[in-house]
Amino acid sequence: NDSIFNCDTLPPCNVKCTGPRKTRIKSASDQCGCTLEWYLHSKWMGSAVAFLLYVLMNMSRVFFLSGVTRLLWKWIYPDRFTVHATCDGDGKLITKIGGKSHQDLITTIQIQSSISKQRNEDDENSGNEDAAKELRAKLGHSLKRFYRSGFVYLAGSLVTNGMWIYLVVVMSQSLTPRVWRK
């Protein structure tokens, strides 16, 4: 009645501990270890896959744009082509290298693709016309090769797109640790 607890009036307690349950501890430690290992592997794999996706998507973009620009070059070029030549420090063209003259090339470059000169100059420019024809033939061959490489780039773009899409599909499947499955 006076709210004082008397421990002497309680019967003695006979608690006997049989020790830890080894099977339960082993099961819990296996699950913890497996979960930690899965977590570390998933972080590493997630970072590696994200980097790989980034690389594959950018490769696909570069291949696609290279292919499209090579296939549609006729609609986007400025009707001019660049010829690599050699010049000195002052910007003057070097017209002789190793005894060979580049003068024919320079003259050919100055001749436009549609020659509408008077026929009385034919004797004087016949060498230049031959060089212009040869230059046009080489340019045509290079442009055909350039155009065909556009298909190769587009195929490369499709392949790299397929690779990263397949990777996403495979990685999105359940990667749940063995101990979590029931």
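Residues numbered from 1 in each chain as written. Predicted model: local features only at pLDDT ≥ 70, side-chain atom pairs only at ≥ 80, totals over all residues. Heavy atoms only, no water.

## Some remarks on the overall build of the chain
- Secondary structure assignment for the chain yields four helices and two strands.
- For the chain, the sequential pattern of α-helices and β-strands runs α-α-β-β-α-α.
- Within the chain, buried positions represent 14% of all 182 residues.
- For the chain, long-range pairs separated by at least 24 residues make up 68% of all intrachain contacts whose partners lie at least 6 apart in sequence.
- About 15,500 Å² of surface is accessible on the chain, with carbon and sulfur atoms providing 60% of the total. (Helix = DSSP H or I, 4+ residues; strand = E, 2+ residues; numbered from the N terminus. Buried < 20%, exposed > 50% of the residue type's maximum accessible area, 1.4 Å probe, protein only. Contact = heavy atoms within 4.5 Å. Areas by Shrake-Rupley, 256 points an atom, 1.4 Å probe, with all protein chains shown as cover.)

## Details of the packing of aromatic side chains
- For the coordinates displayed, the defined rule picks out two aromatic pairs.
- Between phenylalanine 63 and tyrosine 153 the ring centres are 6.0 Å apart and the planes differ by 45°, which places this aromatic pair in the tilted class. In this pair, phenylalanine 63 sits in helix α1 (residues 22-71) while tyrosine 153 sits in helix α4 (residues 122-172), placing the two residues 90 residues apart along the sequence.
- The exposure class assigned to phenylalanine 63 is partly exposed, which follows from its relative accessible area of 25%.
- Seen in terms of ring centroids, tyrosine 147 and phenylalanine 151 are 5.5 Å apart; in terms of plane orientation they differ by 90°. Their pairing is edge-to-face. One end of the pair is tyrosine 147 and the other is phenylalanine 151, both in helix α4 and four residues apart, which spans about a single turn. (Phe/Tyr/Trp six-rings, centres within 6.5 Å; stacked < 30°, edge-to-face > 60°.)

## With respect to the nonpolar core
- Counting residues in each nonpolar core, the largest one holds five residues, listed as Val49, Leu53, Leu56, Trp164 and Leu167.
- Broken down by element, the residue count for this core peaks at three residues, all from α1.
- Every residue in contact with tryptophan 164, bar those within four places of it in the chain, is listed here: Leu53, Leu56 and Met57. (Core = buried A, V, L, I, M, F, W, Y, C linked by side-chain atoms within 4.5 Å.)

## Quick word on the side chain of threonine 160
- Looking at the secondary structure, you find threonine 160 in helix α4.
- With near-sequence residues (within four places) excluded, threonine 160 lies in contact with Leu56, Met59, Ser60 and Phe63.

## A closer look at α1
- Taking 1.5 Å of rise per residue, 50 residues should cover 74 Å, and α1 covers 71 Å from first to last C-alpha, within 8% of that figure.
- All of the buried residues along α1 are Cys34, Val49, Leu53, Leu56, Ser60, Gly67 and Leu71. (Expected span 1.5 Å × (residues − 1).)

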